[in-house]
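Residues per chain, in single letters:
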Amino acid sequence: MRRFTIAMVSLLFLMASVASCGDTEKKRREESAAVVLGRAQALELSAEFHLDTVEIEKLLIDVRSREAELRRRGHSRVADTYLATFLSTLDSVNPSLASELR
């Protein structure tokens with residue numbers, strides 16, 4: 001439920017920002033939304049939370065799916081920002097998992 005809420009808030013933020021600004025501002029807001037979502041998803045994998053393997057795998061698949069969708073839509077820079085933020089945040093909250101993913 002928490003993941004769904006975070007994803008929906010991020011999606012609403014992204015939709016609102018895209019609708020309300022010009023091209024340069026739109027790109028900046030898309031990157032900001034990517035940072036927020038990447039950070040939020042990495043925090044869910046914090047060592048403090050005891051997730052089972054299936055939950056971890058679902059979240060990692062979701063991360064790669066979002067990255068692929070962004071790239072498919074031509075937003076490679078946003079996808080790079082999203083993934084870099086996810087990995088750097090994950091490195092700070094769960095270094096062992098981050099090292100396995102790199």
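This structure is a prediction, so every number in the text was calculated from the model and none was measured.

Caption draft 1: Highlighting the side chain of glutamate 67. On the secondary structure map, glutamate 67 appears in helix α3 (residues 53-72). Among residues more than four places away in sequence, those in contact with glutamate 67 are Ala79, Tyr82 and Leu83.

Caption draft 2: Inspection of the packing of helix α2 (residues 23-44) against helix α4 (residues 76-93) at higher detail. Packing of α2 against α4 leaves a shortest axis separation of 8 Å and a crossing angle of 30°. Taken together, the axes of α2 and α4 lie roughly parallel to each other. Pair α2 / α4 crosses with right-handed handedness. In this structure, α2 contributes Glu30, Glu31, Ala34, Val35, Leu37, Gly38, Arg39, Gln41, Ala42 and Leu43 to the contact, and α4 contributes Arg77, Val78, Thr81, Tyr82, Thr85, Phe86, Thr89, Leu90 and Val93.

Caption draft 3: Region of the structure containing the environment of aspartate 91. By the element assignment, aspartate 91 lies in helix α4. Exposure remark for aspartate 91: the relative accessible area of 39% places this residue in the partly exposed category. It is 9.9 Å that separates the C-alpha atoms of aspartate 91 and arginine 102, two residues lying eleven residues apart in sequence.

Caption draft 4: Summary view of the pattern of salt bridges. One pass over the full model with this rule turns up nine salt bridges. With a closest N to O distance of 3.1 Å, glutamate 25 and arginine 29 form a salt bridge. On the criterion of helical spacing, the pair formed by glutamate 25 and arginine 29 is a turn pair, its members being four residues apart in helix α2. What makes glutamate 25 partly exposed here is its relative accessible area of 28%. Across the salt bridge formed by arginine 66 and aspartate 62, the nearest N and O atoms sit 3.0 Å from each other. Pair noted here: arginine 66 and aspartate 62 are both in helix α3, with a separation of four residues, about one helical turn. Since its relative accessible area comes to 26%, arginine 66 is described here as partly exposed. Residue class for aspartate 62 comes out partly exposed when judged on its relative accessible area of 25%. Within this structure, Arg64, Glu67, Arg71 and Asp80 form a network of salt bridges that share partners.

Reading the values: rules and limits
- Residues numbered from 1 in each chain as written.
- Predicted model: local features only at pLDDT ≥ 70, side-chain atom pairs only at ≥ 80, totals over all residues.
- Heavy atoms only, no water.
- Helix = DSSP H or I, 4+ residues; strand = E, 2+ residues; numbered from the N terminus.
- Contact = heavy atoms within 4.5 Å.
- Axes fitted to C-alpha atoms, helices over the stretch in contact; angles between N-to-C directions.
- Parallel < 35°, antiparallel > 145°, perpendicular 65-115°, else oblique.
- Left-handed = near helix turned anticlockwise from the far one by under 90°.
- Buried < 20%, exposed > 50% of the residue type's maximum accessible area, 1.4 Å probe, protein only.
- Salt bridge = Lys/Arg side-chain N within 4 Å of Asp/Glu carboxyl O.

Note that all results are geometric; they support no functional claim without further evidence.
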